[in-house]
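Structural description and commentary
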Amino acid sequence: MSKDKSAKIATPQPVRGTQDMLGDFADRFAYVVDAFERVRRLYGFKRVEVPVIEPTAVFARSLGETTDVVSKEMYSFDDRGGESITLRPEFTAGISRAFISNGWQQYAPLKVATHGPLFRYERPQKGRYRQFHQVDAEVLGSDSPLMDTELLVFADHLLRELGVSDGVTLNLNTLGDADSRDAWRAALVEHFQAHRGDLSEDSLVRLDKNPMRILDSKDPKDRPIADSAPDIDAYLTNEAQDFFAAVTAGLDAAGVAWKRDARLVRGLDYYRHTAFEFITDRLGAQGTVLGGGRYDGLIENLGGPATPAVGWAAGIERLAMLVDAERIDNRIDAVIALEDDAALAQAQQAMALLRAEGISVEMVANGSPRKRYDKAAKIPAHALISIGMRDGALNRNVRGDNETAKRVDAILQDI
RNA sequence: GCGACCGUAGCUCAGUUGGUUAGAGCGCCGGUUUGUGGUACCGGAGGUCGGGGGUUCGAGCCCCCUCGGUCGCCCCA
């Protein structure tokens, strides 16, 4: 290696908003994914895998060609054939596309779950990255409120399984069917127009672009106007009322606590009926831990058959940040400190025997032999095995918690 | 896109009103001690103080620019 500083190669930097995980956070991440896989099986959700890349049209058409999200916040590029490709910013559109491409109507109602990386070109902040990861559950091809309930109970179960449900509340709203939604939207616009003069600058822009968003504005100036705006309730059709009542009755029957949040809205037109967010106050400005809703219009938007669907997604990083440290067990079963290289073969044999019995083990055999024991002791493990030579004979010692130490001792009797 | 704060050793950080050769802990390497022991001690390697420009006799410290990070706003599928 040259010491000449001018010859130094410029260090490549990670892409903004990406993260490398090792140790504690990687363990937390895996803990969340493991719990999700366990719980989704309990609810009979099939594992589904869809591509990380899709034709840009999949997201542009589902999200609306002209929205900010599509025009500025997607990772899009032209591939070598000149086709516009986008790194998926969400699971729902890709799963819907797969549903159409593969004729999965035949399996409806189809309960599927997946997890993996997603990409959004946004300014990173706490709990918000350009490459991030979600767990996701969807039910396609059912217009039954039973499925909304099922999904919500599943979500609640997952949060309990992770031990993060304390301080997290389920906020629930209905956006009604298309007729209810349109009538409510018109009433909202009328209300906000009447109070134009008192709205914040941001909300005046929202009034033109996305008036429903004024309802969840953070600006204190907007709050009185947003709070006095009409709820959707007066505009709900009988069918929409019944649907919402069926969902909440199901939650009550299953013992899932929920809170009506008449201010909870979705920007996109394909959302119908149920909208929900599990919210915490422990994650700074990014409080939503799990969110979703019914999107009966989406698959049709993609050119598929009219297909009702409902789903949710949750950020793995955010969940991982909420998991209590005591729940993360990063200990391996056993560590071997090889204190004399003359016993190397026996130590290798010992590892083979232990691993054959399903006991995880690794060995410390580098550096000064007299310091290997201390090094090994610093690796979190249930048992610590020292292997060395004494008076020309093999010397072995096992310390650790009783159960593991006993098993290890029994397996290593013959070496 | 906008705003605030922060960039000093591999990591976490200290560094006086601007004043000799920039420090500590952890980690790494080596040695000594202990010798069924998770210990202690000694030593070593490792820094263009993010980068560039400026002010000054003198800059890690002050000013400007730039790059990066964090948090917030906007947006939130």
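Position numbers for residues count from 1 along each chain, tracking the sequence in the order it is written. Lettering for chains starts from A, numbering for ligands starts from 1, and both go in the order in which the items are written. Predicted model: local features are reported for residues with pLDDT of at least 70 only, side-chain atom pairs are reported and counted for 80 or more only, and whole-chain, interface and lining totals are derived from all residues. Values reported for side chains reflect all heavy atoms of the structure, with hydrogen atoms and water molecules removed beforehand.

The next thing to look at is the overall build of chain A. Check the secondary structure of chain A and you find 14 helices and 15 strands. For chain A, whose C-alpha radius of gyration is 28 Å, the value lies well above the compact-globule estimate of 22 Å for 415 residues. Based on the C-alpha atoms only, the size of chain A along its principal axes is roughly 95 × 65 × 45 Å. Only protein chains enter the accessibility calculation, which uses a 1.4 Å probe. A residue is then buried if its area is under 20% of the maximum for its type, exposed if over 50%, and partly exposed in between. Of all 415 residues assigned to chain A, the portion counted as buried reaches 46%. A fraction of 71% describes how many contacts in chain A between residues 6 or more apart in sequence connect residues 24 or more apart. Note on areas: Shrake-Rupley with a 1.4 Å probe; residue coverage comes only from the protein chains shown. Accessible surface, chain A: about 21000 Å² in total, of which carbon and sulfur atoms supply 48%. Note on charges: Lys and Arg go in the positive column, Asp and Glu in the negative column, and His and the chain ends are not counted at all. By convention, the point assigned to a charge is CZ for Arg, NZ for Lys, CD for Glu and CG for Asp. A gap of 6 Å separates the mean positions of the 52 positive and 63 negative side-chain charges of chain A. Numbering of helices and strands runs from the N terminus, with a helix taken as a DSSP run of H or I at least four residues long and a strand as a DSSP run of E at least two residues long. With C-alpha atoms as the basis for the radius of gyration, the globule rule is written as 2.2 Å multiplied by the number of residues raised to the power 0.38. The criterion used for residue contact is that any of the two residues' heavy atoms lie within 4.5 Å.

Turning our eyes to something else, we now look at a nonpolar patch on the surface. Residues with no salt bridge and a relative accessible area higher than 30% make up the patches, which join like charges within 9 Å and nonpolar side chains (Val, Leu, Ile, Met, Phe, Trp, Tyr) within 5 Å. What makes a salt bridge here is a side-chain nitrogen of Lys or Arg within 4 Å of a carboxyl oxygen of Asp or Glu, nothing more. A surface patch of nonpolar side chains, amounting to about 230 Å² of accessible area, comprises Val52, Ile53 and Phe77. The residue Val52 is located in the loop between strand 1 (46-47) and strand 2 (53-55) in this model.

With that settled, consider the pairing of strand 9 (residues 272-280). Counting buried residues along strand 9, seven of its nine residues qualify, which places the element largely inside the surrounding structure. Examined bridge by bridge, strand 7 (residues 168-174) and strand 9 share seven bridges and lie antiparallel to one another. If you follow Asn173 over to strand 9, its bridge partner there is Ala275. Any two strands are treated as partners once DSSP identifies two or more bridges connecting them. Examined bridge by bridge, strand 9 and strand 10 (residues 288-294) share six bridges and lie antiparallel to one another. The residue of strand 10 that forms the bridge with Phe276 is Gly292.

On to the domain arrangement of chain A. When the parts come together, some accessible area is lost, and that loss is often what is quoted as the size of the interface. Segmentation of the chain into domains, including their bounds, is taken from an automatic or database domain assignment. Parsing chain A into structural domains produces domain 1 (24-177 + 237-325) and domain 2 (331-411). Spacing between the C-alpha centres of domain 1 and domain 2 amounts to 46 Å.

Quick look at the sheet that holds strand 12 (residues 332-338) now. Pairing in this open sheet of four strands is mixed, and the strands run 13-12-14-15 from one edge to the other. Looking at strand neighbours, the two that pair on one side only are strand 13 (361-364) and strand 15 (393-400), the edges of this open sheet. The average undirected angle you get between the axes of adjacent strands in this sheet is 20°. Relative to strand 15, strand 14 (residues 381-390) is paired through eight bridges, and the arrangement is antiparallel. Residue pairing for strand 15: Met389 is matched across the bridge by Leu394. In this description, a line fitted to the C-alpha atoms serves as the axis of each element, helices being fitted only across the stretch in contact, and the angle between N-to-C directions of two axes falls anywhere from 0 to 180 degrees. Taken strand by strand, helix 12 (residues 344-356) contacts strand 12, strand 13, strand 14 and strand 15, and its axis lies near 165° from that of strand 13.

Burial analysis of helix 2 (residues 56-63) places six of its eight residues in the buried class, the great majority of the element. All buried positions along helix 2 are accounted for by Thr56, Val58, Phe59, Ala60, Ser62 and Leu63. On the buried face of helix 2, the contacting elements are strand 2, helix 3 (68-72), strand 3 (75-78), strand 4 (84-87), helix 4 (92-101) and helix 10 (298-301). Two residues or fewer past helix 2, Gly64 is found with a positive phi of approximately 100°.

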